[in-house]
Amino acid sequence: MHAALALTPDGGGEVRVLPEEGGVPVDPRPADAAEVAELERSASPRWVLADVAAMYPGLLRAGARLSRCHDVASTEALLLGAEGDAEGAAAVTAARAGAATSAVEPAPQPSLFDDEAAPPPEAPDAEGVGAAYADQLARLERLRERLPGLGLLVAAESASCLAAVEMTAVGVPWDADTHDRLLAELLGPRPSSASVRPAKLQALAEEAAAALDNPRVNLDSQVDLLRSLRRAGLPVTSTRRHELRRHDHPAVAPLVRYRELARLHAAHGWAWRDQWVRDGRFHPEYVPGGVVSGRWATRGGGALQIPKAVRAAVVAPPGRLLVVADAGQLEPRVLAALAHDPGMISATAEGDLYAALAREALGRPEARAEMKVALLSAMYGGGAGSPALAALRRRFPAALALLETAARTGEAGGSVHSVLGRTSPPRSPDWLSGLADAVAGARSRAYGRFTRNFVIQASAADWAAVLLATLRLSLADLRDRGFAELVFFQHDEVVVEVDTPLADAAVDAVRAAGATATRLVLGDTGVHVPLEARAVRSYADRP
């Protein structure tokens, strides 16, 4: 059963049951969250929503949790990309990011002055949502021969949209006392004002300024700091940590430490916690497929990178545990599967793929770090003169040839696809017009580096989307026995919070979801993608 659902943020609207093959649609009827919840319990339809990010938070707050859906907005972005309309796809993604309604707080209140309040939005038309769904199904069918995996990607991406709203609503457990302790140890006591630096940060700033013999230097200004460094005799071209550490100067150590702690203070300090942590839970807002490669983005809160310095603040409440898992070295394993490179596929059977590749290509498993740099260079288009990269080409020709083919496609202005059919935007026809040959060539090569990596990173995003969709359904079964929620996702890593008696079952569910994602996305290639799950009390104890 399929049902088109159209609701305004205040919960009013209508639902229309869509026809199955050859069937007759049911006329739209008024709907609210209670009606949706009842239909979900009785029929568990695949809901068709114009935009999950905008519509689902209100339903979830009202107690209507959906098991399956088709998200018209995310599907439209995928279809437009596959049809070659990169500009349209980008516009849809931007609209999705801007149209979201918080899954935690209710919609904004109207103006205090009734006569100036904006009129409430009109309820979307369920019949129109159903028509958009029918159009998308027809377009998917036309693309099936060229992109046979696109239907699976649409389903997984829609499930990811549901998961993102649910994760925002439930939040990540966050212990404020632990966070305070960690910040105080690193930065000093919380200052009385947001405009005042914490004591340890101020001390580092003064030490760096004294070493540069410039007490007025603004360490937070790239231009001012670079000028001061050069005036102090350091021939630097940037203020990046790796470049600063090449120089033996008394300003380097305090400056590098200052910049590390300043980033922590800005990104995950007290002001961040005041904004994003409520009632002991961190509530970020996710945007599935918010990056062109299919990776997730966030609207704020820095959810996709919880730094090591504050991970100990992510603590399961009493009676619960966190089941943490990440896919080891996912992108190189995806490369092995896409290229059907027998040597690289064989190496994926080992837990440490880089060490296995170093043994196979260089004869030295201890050269793991060298091999890791070479393989990442191959996937991102660097390190052309590296002996390790040359050894990779000799030992694993199919894998390297796939990357080169993707790069040449991009250099020529073409598009490439992920394994399920996510499409890279084509290069604009006028991108090189009017440029000198040397500049045009450099731009073409830069686009080639983008498409070289796109086929791998986007295929890894496909794998992650199927993982989330599968795991989400498994956790729904566990919730009949207690608390079991997906609370965090980052590229190839998931965190599930569960009642302690459910921890073993959640570990099994995560591993099974990883195996399903590998089978459905990478096929019967023999590639092994380890997804080792472990139950821990704190995120700092992650494997």
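Caption draft 1: Seen up close, the overall build of the protein chain. If you tally the helices and strands in the protein chain, you get 20 helices and 14 strands. The burial tally for the protein chain puts 50% of its 543 residues in the buried class. A separation threshold of at least 6 residues defines the contact pool for the protein chain, and within that pool the share at least 24 residues apart is 65%. Accessible area for the protein chain stands at about 24,400 Å²; split by element, carbon and sulfur atoms hold 53% of it.

Caption draft 2: Summary view of the sheet that holds strand β7 (residues 277–278). Taken in spatial order, the three strands make up an open sheet running β6-β8-β7, and their pairing is antiparallel. Each end of this open sheet is capped by a strand with a single partner; those strands are β6 (172–173) and β7. Where β6 meets strand β8 (residues 281–282), two bridges bridge the pair, whose relative direction is antiparallel. Considered in β8, the bridge of Val-172 is made with Phe-282.

Caption draft 3: The packing of aromatic side chains, seen in detail. Summed over all chains, the structure comprises eight aromatic pairs. Ring centres of Phe-450 and Phe-454 lie 5.8 Å apart, and the angle between their planes is 55°; on these two criteria the pair is classed as tilted. Here Phe-454 and Phe-450 lie together in helix α19 (residues 437–478), a separation of four residues that amounts to about one turn. Ring pairing ties together the aromatic residues Trp-174, Trp-272 and Phe-282, which thus form one cluster. It is Arg-320 that lies over the ring of Phe-483; its NZ or CZ is 3.6 Å from the centre.

Caption draft 4: The sheet that holds strand β5 (residues 68–71), seen in detail. The five strands lie next to each other as β3-β2-β1-β4-β5, forming an open sheet whose pairing is mixed. Lying at the two open borders of the sheet, with one neighbouring strand each, are β3 (29–31) and β5. For this sheet, the mean inter-axis angle between neighbouring strands, taken without regard to orientation, is 35°. Pairing of strand β2 (residues 13–18) with β3, which is carried by three bridges, proceeds in the antiparallel orientation. Its bridge partner lying in β3, Gly-13 is registered against Ala-31.

Caption draft 5: Quick peek at the pattern of salt bridges. One pass over the full model with this rule turns up 33 salt bridges. Across the salt bridge formed by Arg-320 and Asp-499, the nearest N and O atoms sit 3.5 Å from each other. Pair noted here: Arg-320 is in strand β11 (residues 320–327) and Asp-499 is in strand β13 (residues 493–499), with a separation of 179 residues, a long-range link. Of the charged contacts in the structure, one is a salt bridge between Arg-452 and Glu-404, with a shortest N-O distance of 3.3 Å. Pair noted here: Arg-452 is in helix α19 and Glu-404 is in helix α18 (residues 397–411), with a separation of 48 residues, a long-range link. Residue Arg-452 is classed as buried on the basis of its relative accessible area, which comes to 10%. If you follow the salt bridges from partner to partner, you end up with Arg-65, Glu-166, Arg-472, Arg-479 and Glu-485 in one network.

Caption draft 6: Quick peek at the environment of Tyr-354. Tracing the chain through its elements places Tyr-354 in helix α15 (residues 353–362). Using a relative accessible area of 5% as the deciding quantity, one classes Tyr-354 as buried. The spatial distance from the C-alpha of Tyr-354 to the C-alpha of Gln-329 is 8.3 Å, given a sequence separation of 25 residues. Contact partners of Tyr-354, with chain neighbours within four places excluded, come to Gln-329, Pro-332, Arg-368, Met-371, Lys-372, Leu-375 and Leu-376.

Caption draft 7: The nonpolar core, seen in detail. By size, the foremost hydrophobic cluster in this structure holds 135 residues, and its most contacted members are Trp-174, Trp-463, Leu-471, Leu-486, Val-494 and Val-510. Ranked by the residues each element gives to this core, the list is headed by α19, at 15 residues.

Conventions and cut-offs
- Residues numbered from 1 in each chain as written.
- Predicted model: local features only at pLDDT ≥ 70, side-chain atom pairs only at ≥ 80, totals over all residues.
- Heavy atoms only, no water.
- Helix = DSSP H or I, 4+ residues; strand = E, 2+ residues; numbered from the N terminus.
- Buried < 20%, exposed > 50% of the residue type's maximum accessible area, 1.4 Å probe, protein only.
- Contact = heavy atoms within 4.5 Å.
- Areas by Shrake-Rupley, 256 points an atom, 1.4 Å probe, with all protein chains shown as cover.
- Pairing = 2+ DSSP bridges.
- Phe/Tyr/Trp six-rings, centres within 6.5 Å; stacked < 30°, edge-to-face > 60°.
- Lys NZ or Arg CZ within 6 Å of the ring centre and 35° of its normal.
- Axes fitted to C-alpha atoms, helices over the stretch in contact; angles between N-to-C directions.
- Salt bridge = Lys/Arg side-chain N within 4 Å of Asp/Glu carboxyl O.
- Core = buried A, V, L, I, M, F, W, Y, C linked by side-chain atoms within 4.5 Å.

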